Structures are given as structure tokens and as C-alpha cells.
Amino acid sequence: MASAQRDLAMLATVVRQAGGEIAQVAHVLDWFHQRLIADGQQPARMLYVYRTNRPVDSTAAAFGDNPRPGLRPRLLLAFISADSAVSFAQRTGLARSPRLLTLSPARALAVFLQQPSLSALHIAYDDLPAPDGLPVGWRLSRAEVLAMFAIDSRVV
């Protein structure tokens, strides 16, 4: 439980530093869980992101995204199942042997807020790709996440 408290404190610190409303943290996390339930998913205690073996900087590697700016917007792709994360990475050729990182929803939101180059947080429900190539799931834009914490988009 100490880890969950640290992650919650980390998110609150990041929100405060960005000029957001700390009082929104608990509400946003509850909404996050309720959204998963509404979509027929189990509330996630952990989210799974994969690290690829591609030679990129450590931040980009942690999120499996393209490090070259201008090619496409970066996103934080997080799976609610470790098996789905690995299966998607292997099937799409993103990595031969992906290494998983686990993030609580609070930590995933904190990381997302700390990385202005990330344009969206995509929570993948399965490893099956949708027509846009990303796995089926739920996508939160940067603007939506900033609004949830009442953070001025010109600041972050």
C-alpha cells in the first residue's frame, strides 16, 4: 500500500507544480476507474507499458514511441493486461522481446503530465488493433487530462 500512497503523492505534486487543483486528484482517479468499469473492464491497479530494444533515449524507450519529432505525435500506450502488452508488441514487430514496465494509474497520469511531448494517453483493453493501428481502448488527449486537473494548457 505504501507504493500506492507514493504514487498518489507523486501525482498530487505534479498537479500542484503544473498549477492544477490537487483536490481533483482523488476525483480523477475515481473517474478513471469508473470509466474502465463502464467500458466493461476491471479497474486497473497497474497499467503496463513496454520498453523496446530500439536505440532511442530512455524516455522514448519507456513509452515505445518514435523519438524523431515531427513524424507523429507521441503517446503513452498503456495496457490493462501484461499479456496484451507483450502480445501487441510482438505481433506488430515493435520489439522481439519487450520488457514491461508497470505503472499505477496515478503514476501513469503523473508521467503523462511531466512529458509535454506526449499528446495522448491511450489505455488499451486488448491487443487487437483497431483501424488506426492502435489496440482497442480509450484515448485521452493532453487537453482532456489537463482540463481534469484544471491545469492551464499554456503552462504545461
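It should be noted that the structure appears before, not after, this text.
Read on for a plain summary of the structure. (Residues numbered from 1 in each chain as written. Predicted model: local features only at pLDDT ≥ 70, side-chain atom pairs only at ≥ 80, totals over all residues. Heavy atoms only, no water.)

Overview of the overall build of the protein chain
Right, so step 1: The number of helices and strands found in the protein chain is 6 helices and 5 strands.
Right, so step 2: From first element to last, N terminus to C terminus, the protein chain shows the α and β order α-α-β-α-β-α-β-α-β-β-α.
Right, so step 3: Each of the 156 residues in the protein chain was classed as buried or not, and the buried ones make up 43%.
Right, so step 4: A separation of at least 24 residues holds for 62% of the contacts in the protein chain among residues at least 6 apart in sequence. (Helix = DSSP H or I, 4+ residues; strand = E, 2+ residues; numbered from the N terminus. Buried < 20%, exposed > 50% of the residue type's maximum accessible area, 1.4 Å probe, protein only. Contact = heavy atoms within 4.5 Å.)

Quick notes on the packing of helix α1 (residues 2-17) against helix α5 (residues 105-114)
Right, so step 1: Following both chains from N to C, one finds α1 and α5 inclined at 25°, their axes separated by 8 Å at the closest point. As judged from the angle between their axes, α1 and α5 are roughly parallel. Helix-helix and strand crossings are classified by hand; for α1 and α5 the assignment is left-handed. Contacts between α1 and α5 pair D7, L8, M10, L11, V14 and V15 from the former with A106, R107, L109, A110, L113 and Q114 from the latter. (Axes fitted to C-alpha atoms, helices over the stretch in contact; angles between N-to-C directions. Parallel < 35°, antiparallel > 145°, perpendicular 65-115°, else oblique. Left-handed = near helix turned anticlockwise from the far one by under 90°.)

Focus: the nonpolar core
Right, so step 1: The biggest cluster of nonpolar side chains holds 34 residues, and the ones touching the most others in it are L11, L109, L113, I123 and F149.
Right, so step 2: Contributing elements (two or more residues each) for this core: α1, α2 (24-38), β1 (47-51), β2 (74-79), α5, β4 (118-129), β5 (135-141) and α6 (142-148).
Right, so step 3: Counting residues per element, this core draws most heavily on α5, which supplies 6 residues.
Right, so step 4: Grouped together as the second largest cluster of nonpolar side chains are 11 residues, Y50, A120, A124 and L134 included. (Core = buried A, V, L, I, M, F, W, Y, C linked by side-chain atoms within 4.5 Å.)

Quick word on the environment of L118
Right, so step 1: Here L118 lies in strand β4.
Right, so step 2: For L118 and S141, which are 23 residues apart along the polypeptide, the C-alpha to C-alpha distance reads 9.0 Å.
Right, so step 3: Residues contacting L118, with those up to four places away along its chain left out, are R74, L75, L76, V111, F112 and R142.

Here's the deal with the pairing of β5
Right, so step 1: Bridge analysis of β4 against β5 gives 6 bridges, and the strand direction is antiparallel. If you follow H122 over to β5, its bridge partner there is R139. (Pairing = 2+ DSSP bridges.)

A closer look at the pattern of salt bridges
Right, so step 1: Applying the stated criterion to the full structure yields 3 salt bridges.
Right, so step 2: Where R107 meets D7, a salt bridge forms, and the shortest distance between an N and an O atom there is 2.8 Å. Of the two residues, R107 sits in helix α5 while D7 sits in helix α1, which places them 100 residues apart along the sequence.
Right, so step 3: Here D39 ties to R35 by a salt bridge, and the two come within 3.0 Å at their closest N and O atoms. (Salt bridge = Lys/Arg side-chain N within 4 Å of Asp/Glu carboxyl O.)

So, the side chain of D127
Right, so step 1: Relative to the assigned elements, D127 resides in strand β4.
Right, so step 2: Of note is the side chain of D127, whose polar atom sits 2.4 Å from the side chain of S87. (Polar contact = N/O pair within 3.5 Å; in protein donor to acceptor, adjacent residues only side chain to side chain.)

A word on the packing of aromatic side chains
Right, so step 1: Under the criterion given, the structure shown has 3 aromatic pairs.
Right, so step 2: Between W31 and W138, the aromatic rings sit 5.4 Å apart at their centres with planes inclined by 75°, giving edge-to-face as the arrangement. With W31 in helix α2 and W138 in strand β5, this residue pair connects regions lying 107 residues apart in the sequence.
Right, so step 3: Pairing F79 with F88 gives two aromatic rings, centres 5.7 Å apart and planes at 45°, and the pair type is tilted. We note that F79, like F88, is buried. (Phe/Tyr/Trp six-rings, centres within 6.5 Å; stacked < 30°, edge-to-face > 60°.)

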